[in-house]
Amino acid sequence: MVRIAVLASGRGSNLLAMIDAIQRGELGACIVGVFSDKAASGALAHARAAGIHAVHVDPKTCSTRADFDCALFRAVDDCMPDLIVCAGFMRILSPEVVAARVARIINIHPSLLPNYPGLHTHQRAIAAGDIEHGASVHVVIPALDAGPVIAQTHLMIAANDTAESLAARLLPHEHRLLLQVLRWFAEGRLRFDADHIHFDEHKLTAPLRVD
Ligand code: GRF
């Protein structure tokens, strides 16, 4: 059984999708801990409601980003995860902690990377006049939102879309995307490092599509 740790700062809908899939028997994994920088995050509440180890690491008690990352990953490492999933974790991890775990952290990002790393992705896609938007699951490397992309989901932008409507329409696709990537990982079909992704023993030349 694949052991997953989840880092999340916000409402935790991706976490909830994982918990539901595991409970329905649709994902052969177990969530060994949920970690958040926000005490009031929905993610911690969902974890507690499901009886999952839930840890708040308070940035205010740490003097530097490196101190926070040390405290966070001490708690994460204690759970011995095979995979660490960033699902709406809104802090940038220091290069050292990422470099030490480079083939073990993935992130879900709401854009078709390499387009729109960083924040406000929906607004930026609309402002650019894009016809298509989407989300990516990628390997986390020290550079922000820049690791190899494992898989993407695509969505057409509607003429009347706002950042809010686009984000809301994309969210269920994000959940499907993340769950599919986790299933492939749990089934042993997906391997990756800082440079390459292998799917069914073939090196990927483009991200997988989950549409
Ligand atoms: C998602 O849109 C994800 O792509 C982004 O942050 C959001 C997290 O949503 N990184 P939730 O907290 O899982 O509901």
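To be clear, the structure that these remarks concern was listed above.
Let me sum up the structure you'll find in this document. (Residues numbered from 1 in each chain as written. Predicted model: local features only at pLDDT ≥ 70, side-chain atom pairs only at ≥ 80, totals over all residues. Heavy atoms only, no water.)

The subject of this paragraph is the sheet that holds strand S10 (residues 202–203). Spatial ordering of the open sheet is given by S8-S9-S10, a layout of three strands whose pairing is antiparallel. Edge strands, defined here as strands with exactly one partner in the open sheet, are strand S8 (190–192) and S10. Note: S8 against strand S9 (residues 197–199), three bridges, orientation antiparallel. Of the residues in S9, the one forming a bridge with Arg-191 is His-198. (Pairing = 2+ DSSP bridges. Helix = DSSP H or I, 4+ residues; strand = E, 2+ residues; numbered from the N terminus.)

Bringing the sheet that holds strand S2 (residues 29–36) into the picture now. In space, the eight strands of this open sheet follow the order S3-S2-S1-S4-S5-S6-S7-S11, with mixed pairing throughout. Looking at the sheet topology across the chains shown, the edges are occupied by strand S3 (54–56) and strand S11 (208–209). Running at roughly 160 degrees to S2, helix H1 (residues 13–23) makes contact with strand S1 (2–7), S2, strand S4 (83–86) and strand S5 (105–109) of the sheet. Those strands touched by helix H6 (residues 163–186) are S1, S4, S5, strand S6 (132–139), strand S7 (149–156) and S11, and its axis lies near 150 degrees from that of S7. (Contact = heavy atoms within 4.5 Å. Axes fitted to C-alpha atoms, helices over the stretch in contact; angles between N-to-C directions.)

Our focus in this paragraph is the layout of surface pockets. Here the largest pocket defines a volume of roughly 930 Å³. What lines the largest pocket is a set of 36 residues, among which Gly-88, Phe-89, Met-90, Ile-108 and Pro-110 lie closest to the centre. Mapped onto the lining of the largest pocket, the elements with two or more residues apiece are H1, S5, helix H5 (121–127) and H6. By residue number, the principal contributor to the lining of the largest pocket is H6, which donates four residues. Broken down by class, the residue content of the lining of the largest pocket amounts to 20 nonpolar, 12 polar and four charged. A domain-level breakdown of the lining of the largest pocket finds at least three residues from each of domain 1 (1–101) and domain 2 (108–211). (1 Å grid on protein atoms, 1.4 Å probe; cavity = no way out; pocket = protein on both sides within 12 Å on 5 of 7 lines; lining within 4 Å. Points joined across faces, edges and corners; volume = space filled by probe spheres on them. Nonpolar A, V, L, I, M, F, W, Y, C, P; charged D, E, K, R; others polar. Domains from an automatic or database assignment.)

Looking now at the environment of Arg-101. With respect to the helices and strands, the residue Arg-101 is situated in the loop between helix H4 (95–99) and S5. In sequence terms Arg-101 and Glu-201 are 100 residues apart; their C-alpha atoms lie 22 Å from each other. Apart from residues lying up to four places away in sequence, Arg-101 is in contact with Phe-73, Asp-77 and Ile-84. Of the polar contacts made by the side chain of Arg-101, one reaches the backbone oxygen of Val-97; its length is 3.0 Å. (Polar contact = N/O pair within 3.5 Å; in protein donor to acceptor, adjacent residues only side chain to side chain.)

Tracing the backbone shows Lys-203 in strand S10. Sequence-wise, Lys-203 and Leu-190 are 13 residues apart; in three dimensions their C-alpha atoms are separated by 10.0 Å. Among all residues touching Lys-203, those that are not within four sequence positions of it are His-196, Ile-197 and His-198.

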